[in-house]
Amino acid sequence: MENVEFCRKADQLKPVLYKEEIDFPGSEKILKEGEEIIFDLGNHYVGHVDIDFGTVGRHPDAPLYFEIQFAEIKEELSYDSSSYHGWLSKSWIQQEYIHLDNLPGSISLPRRYAFRYVRIRVLSTSPNYDVYIKGLRVHSETSADDKKVKRYSWSEKDRLLDDISIRTLRSCMQEVFEDGPKRDRRLWLGDLRLQALANYETFQNDDLVKRCLYLFAGHPLEEGRLSSNIFLYLEEEADDQPMFDYALFFIDTLWDYYSHTGDKETLEELYPTAYRQFVLSSSCIDENGSVDEAKAGRVFVDWNFELDRNVSALGIYIYALKDLLKMARELNKDTKAIEDEIARRSLDALKLYDEREGFFVSGEKKQISWMSQIWMILSGVIDEEKGNAVLERLSKRKNAVGMNSPYAYHHYIQVLIDLGRKEEAYQKMHEYWDGMIERGSSTFWELYDPKDPVASPYGGLVVHSFCHAWSCTPAYFLRKYFKDKEIRD
Ligand code: RAM
């Protein structure tokens, strides 16, 4: 049941979008039937596009029929979209087949695109005329205020990493924090948590975080469980698919918001929603971390399909409860139930530590993975010394199940920082994110596996989001932990 008051608050916080018109020169290249041209606009944009066509030859005696494709990275253009048969809809491919009747002339495309590259292919003209592109106009849209971002005198490579992170976040900041402006253009809780952290350090649009918190709280599913994501267009509606870990991250996102803004009114108002996620989750997870996914929804953690998520789920649960406890104390609420649960579940977690292996092991097959160790350390069930020893062993362990998304890597970098391994965190952050920069990208991706850079969880890279919310956190890490890297004159 919708909470009308919360939805009204979210609505009042709807941002005004900053709009900018940018003109790009066309080309004198004459395009005959079957020929194409690719424009590289040099940076990532989100918005609407106009294309201006010129003609050569005799008076056009037939419409122009052309194909246009927008791409975030160049590889998308070499992918044959007709060969895509993955489990996400083909309709996400930013490709159109259009007739233009009146020539020479321009056309304003009705959809919003996310792109750096534009390919125009002429499918049909007539023997009387050919075309060329006089120019492109981009109507760029974002709710991010560039003036708010403080830049630092970092080294060239830090600045590049920072710029691309900021560009990624900027493109995802629309009427909400979208997961990806190309796809799904939706508000996802797991992504929101990381975007909010990067936003506090950069664009400082605290109201946008607040709006997103109210949107989730305003659209609860059955029993008050929060959805993993909200559809926004045309009507706001919670997706009927909850996710165990994402619902819990509402707690952390709210606590981070309060820690940053001191907005106690919002904390008070949304605390019951946060507490409800604890109550609902507690009955869906057993002492091994196994989640009743039929009730609580799936556990995400990372895109790696091999990953056994039990240990991570328990770690995330304890991690969230610790933020809930801080909130309860701040609001002078009764904390006993939360404290007891943290103590009990921490004991459960320690039982999953295999002394012989020196790792937390997950599921029946006792899987050893990076994410299991990372979430156990982040949850604080082991101390710094033991955490460091686990990480040391992990870096030497050949067959531990790895990570493949910037979302998972974010937690890895955070763990290194928490364990006092700042320099290593800095190196690993560069190593991973620089891989995407080296591939020529001007934004960071939904999934990036250095061993298999174009791997896809969807069955084809053409529906990937190459400007993806959760990958923007180097801007957060650099500002929060590495300001000392500033080069001073
Ligand atoms: C993808 C989204 C989003 C992520 C979920 C789990 O479809 O793009 O970023 O949070 O899956």
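It should be noted that the structure appears before, not after, this text.
Residues numbered from 1 in each chain as written. Predicted model: local features only at pLDDT ≥ 70, side-chain atom pairs only at ≥ 80, totals over all residues. Heavy atoms only, no water.

Enquirer: Just checking my understanding: could you explain the overall build of the chain for this structure?
Expert: Secondary structure assignment for the chain yields 15 helices and twelve strands. Over its C-alpha trace the chain gives a radius of gyration of 24 Å, about what one expects of a compact globule, namely 23 Å for 489 residues. Viewed in the frame of its principal axes, the chain has a C-alpha envelope of about 85 × 55 × 50 Å. Counting the 489 residues in the chain, one finds 61% classified as buried. In the form shown here, the chain has an accessible surface area of approximately 20300 Å², with 47% of it arising from carbon and sulfur atoms. Put simply, the chain has 63 plus and 85 minus side-chain charges, and the middle of one group is 3 Å from the middle of the other. (Helix = DSSP H or I, 4+ residues; strand = E, 2+ residues; numbered from the N terminus. Rg over C-alpha atoms; globule rule 2.2 N^0.38 Å. Buried < 20%, exposed > 50% of the residue type's maximum accessible area, 1.4 Å probe, protein only. Areas by Shrake-Rupley, 256 points an atom, 1.4 Å probe, with all protein chains shown as cover. Lys, Arg positive; Asp, Glu negative; His and termini not counted. Charge placed at Lys NZ, Arg CZ, Asp CG, Glu CD.)

Enquirer: Any chance you could explain the sheet that holds strand 9 (residues 229-231) here in plain terms?
Expert: Taken in spatial order, the three strands of this open sheet run 8-9-10, and their pairing is antiparallel. Where the open sheet ends on each side, the last strands, each with one partner, are strand 8 (187-188) and strand 10 (237-238). (Pairing = 2+ DSSP bridges.)

Enquirer: Where do I start with the packing of aromatic side chains in this structure?
Expert: Going through the model one piece at a time under the given rule, you end up with 36 aromatic pairs. Centroid distance Trp 445 to Tyr 448: 5.5 Å. Interplanar angle 85 degrees. Geometry classified as edge-to-face. Like Tyr 448, Trp 445 is buried. On the basis of an interplanar angle of 55 degrees and a centroid distance of 5.2 Å, the ring pair of Tyr 476 and Phe 477 is categorised as tilted. Both residues of the pair, Tyr 476 and Phe 477, count as buried. Among the aromatic residues, those joined into a cluster by ring pairs are Trp 87, Trp 188, Tyr 246, Phe 300, Trp 303, Phe 305, Tyr 407, Tyr 458 and Trp 470. Positioned above the aromatic ring of Tyr 353, the side-chain terminus of Lys 386 is 4.2 Å from the ring centre. Over the face of the ring belonging to Tyr 426 we find Lys 485, whose NZ or CZ atom lies 3.9 Å from the ring centre. (Phe/Tyr/Trp six-rings, centres within 6.5 Å; stacked < 30°, edge-to-face > 60°. Lys NZ or Arg CZ within 6 Å of the ring centre and 35° of its normal.)

Enquirer: How should the pairing of strand 2 (residues 36-57) be read in this particular structure?
Expert: In this structure, strand 2 lies alongside strand 6 (residues 113-124), joined through eight bridges in antiparallel fashion. Across the sheet, residue Gly 47 finds its bridge partner in strand 6, namely Tyr 113. Relative to strand 7 (residues 129-142), strand 2 runs antiparallel, the two being bridged by eleven bridges. Looking at strand 7, one finds that His 48 is bridged to His 139. Judged from the four bridges that link them, strand 2 and strand 5 (residues 105-108) form a sheet pairing that is antiparallel. Counterpart to Asp 52 in the pairing with strand 5 is Ser 106.

Enquirer: Can you walk me through unusual backbone geometry in this structure?
Expert: Only a minority of non-glycine residues have a phi that is not negative, and only a minority of peptide bonds are not trans. In this chain, Arg 183 is followed by Asp 184 through a cis amide linkage whose omega measures 5 degrees. Following the sequence through the fold, Asp 184 ends up in the loop between helix 3 (156-172) and strand 8. Note that the residue after Tyr 233, namely Leu 234, is joined by a cis bond; omega there is -10 degrees. Note that Leu 234 resides in the loop between strand 9 and strand 10. You will see that Asn 332, though not glycine, has its phi angle at about 55 degrees, which is positive. With a relative accessible area of 71%, Asn 332 lands in the exposed category. Although it is not a glycine, Lys 366 adopts a positive phi angle of roughly 50 degrees. With respect to the secondary-structure elements, Lys 366 resides in the loop between strand 12 (359-360) and helix 11 (370-378). On the basis of relative accessible area, Lys 366 is assigned to the exposed category, the value being 51%.

Enquirer: Please explain the environment of Lys 134 as it appears in this structure.
Expert: Along the chain, the position of Lys 134 falls in strand 7. Owing to a relative accessible area of 46%, Lys 134 belongs among the partly exposed residues under this scheme. For Lys 134 and Leu 213, which are 79 residues apart along the polypeptide, the C-alpha to C-alpha distance reads 45 Å. The residues touching Lys 134, leaving out its near neighbours within four places in the chain, are Pro 25, Gly 26, Asp 52, Phe 53 and Gly 54. (Contact = heavy atoms within 4.5 Å.)

Enquirer: Help me understand the site of the ligand, please; the structure alone is not making it clear to me.
Expert: Neighbouring the ligand are 13 residues; Asp 179, Arg 183, Asp 191, Tyr 246 and His 468 lie closest to it. For the ligand, an oxygen atom lies 2.8 Å from a polar atom in the side chain of Asp 179. Residue Arg 183 places a side-chain N or O atom 3.0 Å away from an oxygen atom belonging to the ligand. When its residues are assigned to classes, the shell around the ligand shows seven nonpolar, one polar and five charged. (Near = heavy atom within 4 Å. Polar contact = N/O pair within 3.5 Å; in protein donor to acceptor, adjacent residues only side chain to side chain. Nonpolar A, V, L, I, M, F, W, Y, C, P; charged D, E, K, R; others polar.)

Enquirer: How should helix 1 (residues 4-12) be read in this particular structure?
Expert: For the α-helix, the turn length of 3.6 residues means that residues three or four positions removed from each other point alike. Of all the positions in helix 1, only Phe 6, Cys 7, Lys 9 and Ala 10 are classed as buried. An end-on view of helix 1 places all buried positions within 160 degrees of arc, on one side of the element. Away from its buried face, by an angle of more than 90 degrees, helix 1 presents the exposed residues Val 4 and Gln 12. Contact partners of the buried residues in helix 1: helix 5 (206-218) and helix 7 (264-282). With a side-chain oxygen lying 3.2 Å from the backbone nitrogen of Glu 5, the N-terminal cap of helix 1 falls on Asn 3. (Arc of directions from axis to C-beta.)

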